Amino acid sequence: MGEGPGDKPYEEISEELIAERARLQAQREAEELWRQKEAEITKKFRDALANEKARILAEKWKVEMEDRKAAKILEERIHEEFKRKEEEERKRGEEQIRLQEEQRAKELYWSLKQAQLHSQCNEREEQEWEEQLRRIKAADEERSQRAQCARDEYRRHSLSAIQKGTVAGLSSMFQELGQNHEQEARLCHHLPGPGPPLPRALPVGRTWERPLRPVSREVIVRWFKEEQLPRQAGFERNTKCIAPWFHGIISRENAEDLLENMTEGAFLVRVSEKIWGYTLSYRLQKGFKHFLVDASGDFYSFLGVDPNRHATLTDLIDFHKEEIITVSGGELLQEPCGQRDSPPDYHLLFE
């Protein structure tokens, strides 16, 4: 397999195997076509010869030919003529089948080759996505650790001031800590500015063991029902109506097809098959963007794009109707993309 001296490279062996499979498949199809063609040719000339013999006999008996030898010669000549024509048609049929076999072999070869290349591309894309997700998770974890270190440092300074009994220093420290805690609260909740903090979502009581990542549609549906429905994911604010931008477990291609004829700024949110969360699909002037929304914790946030955390999925959507998602892209959510088919693509999530 390309490892020993004189061995063919793996790619060459793979090419030969694909070509041989294509050739054998085309050969089998050609043999079947030839059997059908040969049967048609044989039947055609057998029937024609029988009709001609019948005609000659009828004429012979009609005119009562006395020269039977001449009749025999005529019959043999006609027989040879039909045999020659049959042989010519056989050759034409064989040539036609041979050309079809060669063409079919080429078609099968390229079909198998494209399937192989497509499989390799999918495998590379999956590996790249796994690595990207791992880096994003690591960056999020590092930010969380830094915030925890900052909180520990504030507590350490407070305890030190109390132990020293420095009233003035303690008063100043409390005032400074009050400001820092307000900033820290904004960092944790990612508020756009001063104002009351967002309500923290209560932890959802889980009655099942969630895998590290989605493994099937059945598991995703159960996750949504167990963890997301209690948090009103996909609903309009303070109502029992499903939001017009919410969609079920649909593919990237289906999402782009729904957004195809809409203007820039149109968007939809679909349940992700890659992470515990969602994908926000956004219509650009030319093309589309897809943003992953992490819902694995007790908040909702974009992975690797926007650090803001939101208590509900609706909060995230409403926030980015006013604030852009990325500075470079300037994406602003404008027009929700609703359902096109009946039943809606999210019906399995609410059954």
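Residues numbered from 1 in each chain as written. Predicted model: local features only at pLDDT ≥ 70, side-chain atom pairs only at ≥ 80, totals over all residues. Heavy atoms only, no water.

Peer 1: Would you mind showing me how to read the overall build of the protein chain here?
Peer 2: Secondary structure assignment for the protein chain yields 6 helices and 6 strands. When its helices and strands are written in sequence order, the protein chain yields α-α-α-α-β-α-β-β-β-β-α-β. Counting only residues that meet the buried cut, the protein chain has 31% of its 351 residues in that class. Taking contacts inside the protein chain between residues at least 6 apart in sequence as the whole, the part at least 24 apart equals 53%. (Helix = DSSP H or I, 4+ residues; strand = E, 2+ residues; numbered from the N terminus. Buried < 20%, exposed > 50% of the residue type's maximum accessible area, 1.4 Å probe, protein only. Contact = heavy atoms within 4.5 Å.)

Peer 1: Quick question: what am I supposed to make of helix α5 (residues 252-259) here?
Peer 2: Because each turn of an α-helix spans 3.6 residues, side chains separated by three or four positions end up pointing in the same direction. Considered for burial, the residues of α5 that qualify are A255, L258 and L259. Here the buried residues of α5 occupy an arc of 95° about the axis, which is enough to place them on one side. Packing partners of the buried residues in α5 comprise β1 (246-247), β2 (266-271), β3 (277-283) and β4 (288-294). (Arc of directions from axis to C-beta.)

Peer 1: Looking at this structure, I do not really get the nonpolar core. What am I missing?
Peer 2: With 31 residues, the main nonpolar core has W223, F246, Y278 and L280 as its most contacted residues. Going through the elements one at a time, α4 (217-228), β2, β3, β4 and α6 (313-319) are the ones with two or more residues in this core. It is α4 that provides the largest number of residues to this core, a total of 5 residues. Dropping the residues within four chain positions of it, L280 is found in contact with F267, L268, V269, K289, H290, F291, F302, I317 and L333. Judged by nonpolar contacts, the second largest core, of 7 residues, contains A255, L258, L259 and C337. (Core = buried A, V, L, I, M, F, W, Y, C linked by side-chain atoms within 4.5 Å.)

Peer 1: Got a minute to help me understand unusual backbone geometry in this structure?
Peer 2: Most peptide bonds take the trans configuration, and most residues that are not glycine carry a negative phi. Cis rather than trans, the peptide bond between S342 and P343 has omega equal to 0°. Although it is not a glycine, N238 adopts a positive phi angle of roughly 60°. You can call N238 exposed: its relative accessible area is 77%.

Peer 1: Looking at this structure, I do not really get helix α1 (residues 10-63). What am I missing?
Peer 2: With 54 residues, α1 ought to run about 80 Å at 1.5 Å a step, and its terminal C-alpha atoms sit 78 Å apart, in line with that. Once α1 finishes, E64 follows within two positions and takes phi at roughly 55°, a positive value. (Expected span 1.5 Å × (residues − 1).)

Peer 1: Honestly, the environment of A26 in this entry has me stumped. Any pointers?
Peer 2: Note that A26 resides in helix α1. With 76 residues separating them along the chain, A26 and E102 place their C-alpha atoms 7.3 Å apart. Filtering out sequence-adjacent residues up to four positions away, A26 remains in contact with E101, R104, A105 and L108.

Peer 1: What is the right way to look at the environment of E226 in this model?
Peer 2: With respect to the element layout, E226 can be found in helix α4. Separated by 18 residues in the primary sequence, E226 and W208 place their C-alpha atoms 8.2 Å from one another.

Peer 1: Mind showing me how you'd approach the pairing of β4 here?
Peer 2: Each regular strand displays side chains that alternate between the two surfaces of the sheet. In this structure, β3 lies alongside β4, joined through 7 bridges in antiparallel fashion. From the neighbouring strand, R283 faces β4, where its bridge partner is F288. Hairpin geometry of β3 and β4 is characterised by an intervening segment of 4 residues between the two adjacent antiparallel strands and by a positive phi of about 110° at G287. Bridging between β4 and strand β5 (residues 301-302) involves 2 bridges; their strand directions are antiparallel. Paired with D294 across the strands is S301, a residue of β5. Counted between consecutive antiparallel strands, the loop separating β4 from β5 contains 6 residues. (Pairing = 2+ DSSP bridges.)

Peer 1: Which parts of the structure should I look at to understand the side chain of Q228?
Peer 2: With respect to the helices, strands and loops of the structure, Q228 is situated in helix α4. Within the structure, Q228 has its side chain in polar contact with the side chain of Y300 (distance 2.8 Å). Excluding its chain neighbours within four sequence positions, the residues that come into contact with Q228 are W223, A233, Y278, A295 and Y300. (Polar contact = N/O pair within 3.5 Å; in protein donor to acceptor, adjacent residues only side chain to side chain.)

Peer 1: Looking at this structure, I do not really get the pattern of salt bridges. What am I missing?
Peer 2: Close approach of charged atoms allows side chains of opposite charge to pair. On inspection of all chains with the given rule, the structure shows 24 salt bridges. Where E15 meets K113, a salt bridge forms, and the shortest distance between an N and an O atom there is 2.2 Å. Of the two residues, E15 is situated in helix α1 and K113 in helix α2 (residues 68-164); the sequence distance between them amounts to 98 residues. We classify K113 as buried; its relative accessible area is 15%. Here the salt bridges do not stand alone but share partners, grouping R237, D315, D318 and K321 into one network. (Salt bridge = Lys/Arg side-chain N within 4 Å of Asp/Glu carboxyl O.)

Peer 1: Would you mind going over the packing of aromatic side chains with me for this structure?
Peer 2: Centre-to-centre distance and the angle between the planes together describe a pair of aromatic rings. Applying the stated criterion to the full structure yields 12 aromatic pairs. Considering the side-chain rings of F224 and F350, the 5.5 Å spacing of their centres and the 80° angle between planes classify their relative orientation as edge-to-face. Placement of the pair is F224 in helix α4 and F350 in the segment after β6 (335-336), with a sequence separation of 126 residues. Owing to a relative accessible area of 26%, F350 belongs among the partly exposed residues under this scheme. Between F246 and Y278 the ring centres are 6.4 Å apart and the planes differ by 65°, which places this aromatic pair in the edge-to-face class. Placement of the pair is F246 in strand β1 and Y278 in strand β3, with a sequence separation of 32 residues. In this arrangement the basic side chain of R309 is found over the ring face of F299, its NZ or CZ atom lying 4.0 Å from the centre. (Phe/Tyr/Trp six-rings, centres within 6.5 Å; stacked < 30°, edge-to-face > 60°. Lys NZ or Arg CZ within 6 Å of the ring centre and 35° of its normal.)

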